[in-house]
Amino acid sequence: MDFHGSIGRTALGGIASAVLALGIGGATAEAQEPIRVGVTLTQSPPGSVIQGTEVLRGLEIARDLFNEEGGVLDRQFELIVEDTQGIPERGRAAVEKLITSDNVVALTGEHQSSVCLAEIGLAARHNVPYINTNCWSDDIRKEGHPQVFSPNMYNSRVATAMAEVIQGLGVDSVFALAENTDWGIGQAEALDQLLEQSGADIEYQYELLDREARDFTPVIQGVRGENPGLVALIMLPPAAYVALNQLNEQGVIPSEDTWLFEGGGLFSYPDFWENVREAALYGIYFDLYHTDMALSDFGTQVREEYMQRHDGTPSRLVFQAADSLLLIKEAIANAGSTDPDAMIEWLQQAQVPGTRGTITFSDEPGPLFQQWVDTPYVTYQVTELDQKLEETTLISAPDLEVQIDQLRRPKN
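Note that this is a predicted model, so its numbers are computed, not measured.

With that settled, consider the packing of helix α2 (residues 49–68) against helix α11 (residues 297–310). Viewed as axis vectors pointing N to C, α2 and α11 meet at an angle of 115 degrees, and their least axial separation amounts to 10 Å. It follows that α2 is roughly perpendicular to α11 by the angle criterion. Handedness of the crossing formed by α2 with α11: right-handed. Taking contact as the criterion, the partners of E54, R57, E60, I61, A62, D64, L65 and F66 in α2 are, on α11, F298, Q301, V302, E305, Y306, R309 and H310. Among the residues making up the contact of α2 with α11, the classes are represented as seven nonpolar, two polar and six charged.

Below is the structure:
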C-alpha cells in the first residue's frame with residue numbers, strides 16, 4: 001500500500017470536508033444573523049419615562065411573538081435600544097449610532113414629537129425605514145421623507161375628536177394648557193383652528209407650560225379666574241400629572257361648571273392612579289384603545305401576553321409599538337430582504353392587519369403623507385377612584401357616535 005498516497009488523499013479529503021463544513025457553517029451563521037432594529041425612546045427624565053416603558057414592553061412582546069414563529073427570513077429579531085431622555089439632541093445622536101455603528105435595518109419606538117423631528121432627517125439621509133410609533137405632530141409628515149411612516153395618531157385628528165365633544169357639550173369657553181413642545185403647541189393650535197372653522201361661538205385661549213416645571217399654580221389661578229366651560233389638557237407625564245393635581249387643588253376640577261378634556265391619552269398608563277387621584281374624576285379622556293374595541297388575532301395575542309407579563313391592561317402605546325414592529329416584519333418578509341428601497345416601496349402600498357385595524361398609508365402631501373389616516377380612537381369618562389379602563393363610560397368609538405348624554409357632572 002502507498003501509505004504516503006493514502007495519507008495524502010486522507011488529509012486532502014479531511015481538508016476538503018473541513019472547508020465544506022466551514023462554508024456551510026458560515027452560510028448558516030450568516031443566515032442566522034439577527035435582524036437588528038434600532039429603538040429610540042425615553043428611559044430617564046426629563047422625557048416621559050412611562051411612555052418609553054410602555055413602548056418598550058410592546059416591542060418586546062411583538063419581538064418574542066415573532067421570534068417564536070421563526071422570525072422573518074429564518075432570522076430572529078434583535079432590538080437595539082437607546083435612551084433619548086426625550087431630548088432632541090440625544091435622539092439625533094442615538095439614530096446616528098444605531099445606523100452607523102449598530103447597522104440596524106430600520107428604526108422605531110420614538111414617542112415624543114420633538115425627538116422625532118430631530119431624528120427623521122438622519123434616517124432619510126441614510127435611507128433607513130423609520131416607523132414613527134407615537135409622534136403626533138403634523139410637522140413630521142410635512143417633511144415629506146419617503147423613509148418615514150406613521151401608523152399612529154396625529155394632531156389634526158386628535159383636535160377633530162376633541163372639537164366634536166366640545167361642540168356637543170355646548171360650552172362657551174375653552175382654556176387649553178399645553179406643554180411647550182412641537183406636539184403640545186401643534187395640538188393646541190389645531191384645536192383653535194377647528195373650533196374657529198366650526199362656526200361655534202366658543203371663546204378659546206391656551207397657555208404654554210414648561211414640561212420640566214413642577215409648579216403651575218400662577219397659571220392655574222388664572223384659569224380659575226376665567227372660569228372656563230372646559231379645560232383642555234395637552235401635556236405628558238410627569239408634568240401632566242402635576243398640572244392635573246394642581247387644577248384640583250385650586251378647585252378648578254372636578255366641577256359642576258368646568259369640564260376637563262385630557263387630550264394626551266394619559267388614563268391608560270399603568271402609573272396613572274398612583275399619581276392622580278380626585279383630579280381625574282369626571283374627566284373626559286382621549287385614547288387609542290379601550291377594552292370594548294375589537295382587536296385582531298395579533299392584537300389579542302399582544303393583550304394577553306401583556307396581561308400575563310405585567311398584570312394589568314395594556315395602554316395604547318403597547319399596541320402602537322407592536323404594530324410598528326409588525327410593519328417592519330411584514331416589509332422584510334414581502335420584500336424578501338432588508339434592502340431599504342424594497343422595504344419602503346412595499347410599505348407605501350401596504351395593507352397590514354394591525355392590532356386595532358388595517359394599516360394603510362396615504363400618499364397625499366402635507367400632514368397626511370405616509371400617515372395611517374383612519375387611526376381608530378375613543379373618548380371615555382372616568383367617574384370613580386381607581387376605576388379600570390373597562391369600567392369607564394365610553395363616549396365615542398370607531399363604531400359609536402359621540403354620546404354626550406352619557407356624560408356625568410360631579411355633585412357638589
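Here we take up the pairing of strand β6 (residues 173–179). Among the seven residues that make up β6, seven are buried, leaving the element largely enclosed by the rest of the structure. Neither face of β6 is open: one carries S173, F175, L177 and E179, the other V174, A176 and A178, and all of them are buried. In this fold, the crossover linking β6 to strand β7 (residues 203–209) by way of helix α7 (residues 182–198) has right-handed handedness. Direction of pairing for β6 relative to strand β8 (residues 230–234): parallel, over a ladder of five bridges. Note on β8: the bridge partner recorded for A176 is A232.

Within the structure shown, the criterion is met by one disulfide. Here C116 pairs with C135 through a disulfide, and the sulfurs are 2.2 Å apart. Taking the sign of the torsion about the S-S bond as the criterion, the disulfide between C116 and C135, at about 80 degrees, is right-handed. Taken together, the residues span a long stretch of sequence, with C116 in helix α4 (residues 113–125) and C135 in the loop between β4 (130–131) and α5 (139–142) at a distance of 19 residues. Overall, C116 belongs to the buried group, its relative accessible area being 0%.

Procedures and definitions
- Residues numbered from 1 in each chain as written.
- Predicted model: local features only at pLDDT ≥ 70, side-chain atom pairs only at ≥ 80, totals over all residues.
- Heavy atoms only, no water.
- Axes fitted to C-alpha atoms, helices over the stretch in contact; angles between N-to-C directions.
- Helix = DSSP H or I, 4+ residues; strand = E, 2+ residues; numbered from the N terminus.
- Parallel < 35°, antiparallel > 145°, perpendicular 65-115°, else oblique.
- Left-handed = near helix turned anticlockwise from the far one by under 90°.
- Contact = heavy atoms within 4.5 Å.
- Nonpolar A, V, L, I, M, F, W, Y, C, P; charged D, E, K, R; others polar.
- Buried < 20%, exposed > 50% of the residue type's maximum accessible area, 1.4 Å probe, protein only.
- Right-handed = clockwise from strand over helix to strand, strands pointing away.
- Pairing = 2+ DSSP bridges.
- Disulfide = S-S within 2.5 Å.

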